[in-house]
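Coordinates in review
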Amino acid sequence: MGLTMHKNGNITNYRYELRERILHKAMSLFKHQGVKSVRMDDISHALGISKRTLYEVYDNKEQLLLEGLKNDHEQKLAIIEEYTKGKQRNEIEIMVKFVHMQLDELKDVNPLFFRELTYYKPIADYLNKSKEIRTQHTISFIQRGVEHGYFRATLNYDIVLGMGEAVMNHVMEDKLYERFPMQEIFRNYVAVLMRGYCTDKGIRELEKLFET
């Protein structure tokens, strides 16, 4: 019955709270230990619930991980929306806010978490689809920044974004995270990238908000 309730969306307050607890704990374990090493047994034990109860809410680890990633994405969007709500924020402010969110998250994330996401086909499919949507939104965002004089109009941002993705892929493939913390890698990466496509006006605003 619990599984049927979950799939139909007819979740009682208890089930909703339980679902949120499971998502929070599972994502915490995945991010700290990597995905492969965390079993459903580990999640139920960490929550102090039976494995049967866990399986009544989530069929398997992949489903749990997928919903956790979607939930993380929605939370980030909500934070940015709240940050810009009712306030005149320029593109540099919004970009720096997003970067600080990413840096805060990376403090406690095991690099294996990112590396192992592609091992699961439903997750890889979701990430690929999300990347396409994110790229479209990013290009629109950058275009607004170009119009407001913060980003350079002479660059091809499809190429810039592709190069940025290639750099991060190389970081994972070369296991640079074994020599340097992911937070430090990301900070250096975005510092160079952001200054590269900012105009003089953008750089002045950037330096007020982000120590590069």
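Residues numbered from 1 in each chain as written. Predicted model: local features only at pLDDT ≥ 70, side-chain atom pairs only at ≥ 80, totals over all residues. Heavy atoms only, no water.

**Digging into the packing of helix H6 (residues 91-106) against helix H8 (residues 121-147)**
For the pair H6 and H8, the least separation of the axes is 10 Å and the interaxial angle reads 140°. Relative to H8, the element H6 lies oblique. Facing Glu91, Ile94 and Met95 of H6, the residues of H8 in contact are Phe141, Arg144 and Gly145. Class assignment for the residues of the contact of H6 with H8 results in three nonpolar, one polar and two charged. (Axes fitted to C-alpha atoms, helices over the stretch in contact; angles between N-to-C directions. Helix = DSSP H or I, 4+ residues; strand = E, 2+ residues; numbered from the N terminus. Parallel < 35°, antiparallel > 145°, perpendicular 65-115°, else oblique. Contact = heavy atoms within 4.5 Å. Nonpolar A, V, L, I, M, F, W, Y, C, P; charged D, E, K, R; others polar.)

**A word on the layout of surface pockets**
Its volume calculated, the second largest pocket comes out at about 530 Å³. With seven residues, helix H2 (residues 13-33) is the largest single contributor of residues to the lining of the second largest pocket. (1 Å grid on protein atoms, 1.4 Å probe; cavity = no way out; pocket = protein on both sides within 12 Å on 5 of 7 lines; lining within 4 Å. Points joined across faces, edges and corners; volume = space filled by probe spheres on them.)

**A closer look at the pattern of salt bridges**
What the rule picks out here adds up to 14 salt bridges. The partner of glutamate 105 in a salt bridge is lysine 76, with the nearest N and O atoms 3.0 Å apart. In this pair, glutamate 105 is assigned in helix H6 and lysine 76 in helix H5 (residues 61-84), connecting sequence segments 29 residues apart. Overall, lysine 76 belongs to the partly exposed group, its relative accessible area being 25%. (Salt bridge = Lys/Arg side-chain N within 4 Å of Asp/Glu carboxyl O. Buried < 20%, exposed > 50% of the residue type's maximum accessible area, 1.4 Å probe, protein only.)

**Overview of the nonpolar core**
By size, the foremost hydrophobic cluster in this structure holds 32 residues, and its most contacted members are Ile92, Met95, Phe151, Met194, Leu206 and Phe210. Mapped onto this core, the elements with two or more residues apiece are H6, H8, helix H9 (157-173), helix H10 (182-197) and helix H11 (200-209). Every residue in contact with isoleucine 92, bar those within four places of it in the chain, is listed here: Tyr150, Phe151, Cys198, Gly202, Glu205, Leu206 and Leu209. (Core = buried A, V, L, I, M, F, W, Y, C linked by side-chain atoms within 4.5 Å.)

**A look at the packing of H5 against H8**
When two helices pack together, their arrangement is captured by the angle between the axes and the distance separating the axes. Interhelical geometry of H5 versus H8 gives an angle of 20° and a closest axis separation of 9 Å. Of the possible angle classes, the one that applies to H5 and H8 is roughly parallel. Regarding H5 and H8, the two cross each other, and that crossing is right-handed. Taken together, the residues of H8 that come into contact with H5 (itself represented by Glu62, Leu65, Leu66, Leu69, Lys70 and His73) are Pro122, Ile123 and Tyr126. Residue classes in the contact of H5 with H8 are distributed as six nonpolar, one polar and two charged. (Left-handed = near helix turned anticlockwise from the far one by under 90°.)

**Describing the confidence of the model for the chain**
Overall, the prediction assigns the chain a mean pLDDT of 90, with 94% of residues at 70 or greater. Within the chain, the lowest mean pLDDT, 44, falls on helix H1 (residues 2-8), and the highest, 96, falls on helix H3 (residues 40-47). Low confidence marks residues 1-8, where pLDDT is under 50. Its contacts with residues over four positions away, or in another chain, come to 16 contacts. (pLDDT = per-residue confidence, 0-100.)

**Considerations on the environment of valine 160**
Inspection of the secondary structure puts valine 160 in helix H9. Of the residues examined, valine 160 reaches a relative accessible area of 15% and is grouped as buried. For the pair valine 160 and glycine 196, spaced 36 residues apart in sequence, the C-alpha separation works out to 9.5 Å. Excluding residues within four positions of it along the chain, valine 160 makes contact with Leu155, Leu193 and Tyr197.

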